[in-house]
Amino acid sequence: MRNQRYDVPPLDPLLAFEAAARNLSFTKAAAELHLTQSAVSRQIQQLEEHLGLKLFERRARTLLLTENGQLFYRTAQDALQKLHDSARRLRGTTKVNTVVVATTPGFASLWLIPHLAGFTRGHPHVDVRISATNEMIEDLERAHVDVAVRYVPEGSVTGGRLLFGETVFPVCSPELAKKLVTPDDLHQHVLLYLEHPRAAWLDWELWFHALGLRDFEPFGKLHFSHYDQLIQAAIDGHGVALGRHPLLRQLLREGKLVAPFKNKVASSRAYYVVESPAAKAKAPVREFADWLVDATHAETLDAPAGEAA
């Protein structure tokens, strides 16, 4: 029976959706929830029927969120996190220290989440809550955000600490790289584009311009609203992406992505960590921000000679 006051979806399909959206994989979501893949698929279908819209685009070897799916994912994650925090506080089993971190989906998926265990091992009673959005949150205190990692023009942040700058260059799957000898070969391939109003700094045209290539037209184009989805498409062999280093350092080291050309262009943008003035006095917030600075700087120092900075 549907509650007359709250038109909300059933909890189990909501949990399945959150896990599948976070991992962009029904298989990984099933393993996390100790369910079969078909059970997760059925729960997602039940949720889509409840809402009357599609949440995922199912492509060959790739699972992507629709625009509605991206919006609902952020809402679902926020609601579930609040329920989680409240339940733990009421149980009183441990003291809950929450650090709310706002950053871009690309930084969250490609750098922060893979490195997060390095923080949680030393801070087991701190819950890090990640809010990933392409929108710049100006007033952290008003948005109830403790720490923000911002991707902005270098030198434009007042009161923030630099994490790292970046270089940009094409990346693709190892199989596709075998077909690329010079940048001119990109004429015969699909290029992956980030479609966002403020993504002009990550446009292929800037890279082509730096190389002196004018009016370059690829074989085809695919557009994405989130950088992590664009990179997953590159890993799956759907085209060539404009990579950002050191954001993709681990994927390049693991061989999941390859840089087919030596041509690299220095970006005018960098990543900074900014703390909310109201949250700076909280020990977990200071510890998390300090860890971010130490971890990013240590990784840069650990880069082998010749690796792009």
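Since this is a predicted model, take the numbers as computed values, not measurements. (Residues numbered from 1 in each chain as written. Predicted model: local features only at pLDDT ≥ 70, side-chain atom pairs only at ≥ 80, totals over all residues. Heavy atoms only, no water.)

## Regarding the nonpolar core
Move 1: The biggest cluster of nonpolar side chains holds 42 residues, and the ones touching the most others in it are Phe107, Leu112, Phe288 and Leu292.
Move 2: Of all the secondary structure elements, the ones that give two or more residues to this core are strand E3 (97-103), helix H5 (105-115), strand E4 (126-132), strand E5 (147-153), strand E6 (161-171), helix H9 (227-235), strand E10 (265-275) and helix H11 (283-301).
Move 3: If one sorts the elements of this core by residue count, H11 sits on top with seven residues.
Move 4: With residues up to four places along the chain from it excluded, the contact list for Phe288 reads Val99, Val101, Leu112, Leu116, Phe119, Val128 and Val147.
Move 5: By size, the runner-up hydrophobic cluster in this structure holds 21 residues, among which are Val40, Ile44, Leu47 and Leu63. (Core = buried A, V, L, I, M, F, W, Y, C linked by side-chain atoms within 4.5 Å. Buried < 20%, exposed > 50% of the residue type's maximum accessible area, 1.4 Å probe, protein only. Helix = DSSP H or I, 4+ residues; strand = E, 2+ residues; numbered from the N terminus. Contact = heavy atoms within 4.5 Å.)

## Regarding the packing of H5 against H9
Move 1: Between H5 and H9, whose axes approach to 7 Å, the crossing angle comes to 55°. Relative to H9, H5 is oriented oblique. Here Pro105, Gly106, Ser109 and Leu110 of H5 lie close against H9, whose contacting residues are Tyr227, Asp228 and Ile231.
Move 2: Of the residues assigned to the contact of H5 with H9, the class counts are four nonpolar, two polar and one charged. (Axes fitted to C-alpha atoms, helices over the stretch in contact; angles between N-to-C directions. Parallel < 35°, antiparallel > 145°, perpendicular 65-115°, else oblique. Nonpolar A, V, L, I, M, F, W, Y, C, P; charged D, E, K, R; others polar.)

## Points about the side chain of Arg129
Move 1: Residue placement: Arg129 occurs in strand E4.
Move 2: We classify Arg129 as buried; its relative accessible area is 18%.
Move 3: In this structure, Arg129 is in contact with Asp78, Gln81, Lys82, Thr98, Val99, Val100 and Val101, ignoring residues within four places of it in sequence.

## Points about the pattern of salt bridges
Move 1: Scanning the model with the defined rule gives eleven salt bridges in all.
Move 2: Among the salt bridges present, the one from Glu48 reaches Arg58, with a minimum N-O distance of 3.5 Å. One end of the pair, Glu48, is in helix H3 (residues 37-51); the other, Arg58, is in strand E1 (residues 56-59), with ten residues separating them in the sequence.
Move 3: Three or more residues joined by partner-sharing salt bridges are found here, namely Glu18, Arg22 and Glu32. (Salt bridge = Lys/Arg side-chain N within 4 Å of Asp/Glu carboxyl O.)

## Some thoughts on the pairing of E5
Move 1: In terms of burial, E5 is a largely internal element, six of the seven residues being buried.
Move 2: Here E5 runs beside E10; their pairing, made up of seven bridges, is antiparallel. Considered in E10, the bridge of Pro153 is made with Arg269. (Pairing = 2+ DSSP bridges.)

## Observations concerning the packing of aromatic side chains
Move 1: Tallied over the full model, the rule gives 18 aromatic pairs.
Move 2: A centroid spacing of 4.2 Å and a plane angle of 20° characterise the contact between Phe208 and Phe216, whose relative ring orientation is stacked.
Move 3: For Phe216, a relative accessible area of 3% puts it in the buried group.
Move 4: In this structure an aromatic cluster arises from ring pairing among Phe107, Trp111, Phe119, Tyr151, Phe164, Tyr271, Phe288 and Trp291.
Move 5: Its end group placed over the ring of Tyr151, Arg244 keeps NZ or CZ at 4.3 Å from the ring centre.
Move 6: Above the ring of Tyr227, the side-chain terminus of Arg244 is found at 4.3 Å from the ring centroid. (Phe/Tyr/Trp six-rings, centres within 6.5 Å; stacked < 30°, edge-to-face > 60°. Lys NZ or Arg CZ within 6 Å of the ring centre and 35° of its normal.)

## Focus on the sheet that holds strand E9 (residues 241-245)
Move 1: Read from one edge of the open sheet, six strands run E4-E3-E5-E10-E6-E9, paired in mixed fashion. Two strands lie at the open edges of the sheet, namely E4 and E9, each paired on one side alone. With direction set aside, neighbouring strand axes in the sheet form an average angle of 25°.
Move 2: In the sheet, E6 pairs with E9 via five bridges, with the strands oriented antiparallel. The residue of E9 that forms the bridge with Thr167 is His245.
Move 3: Along the sheet, H5 makes contact with E3, E4, E5, E6 and E10, crossing E4 at roughly 145°.

## Some remarks on the confidence of the model for the chain
Any segment with low pLDDT has predicted coordinates that should not be analysed in fine detail.
Move 1: This prediction gives the chain a mean pLDDT of 85; 91% of its residues lie at or above 70.
Move 2: The lowest-confidence element of the chain is helix H8 (residues 204-210), averaging 81 in pLDDT; the highest-confidence one is helix H7 (residues 174-177), averaging 95. (pLDDT = per-residue confidence, 0-100.)

## A short note on unusual backbone geometry
Move 1: With an omega of 20°, the peptide bond running from His245 to Pro246 counts as cis.
Move 2: Summarising the element assignment, Pro246 is placed in the loop between E9 and helix H10 (249-253).
Move 3: Phi at His34 is positive, roughly 60°, even though this residue is not glycine.
Move 4: Tracing the backbone through its elements, the reader meets His34 in the loop between helix H2 (26-33) and H3.
Move 5: The backbone of His144 sits at a positive phi, close to 60°, despite the residue not being glycine.
Move 6: Topologically, His144 is positioned in the loop between E4 and E5.
Move 7: Given the relative accessible area of 64%, His144 is considered exposed.

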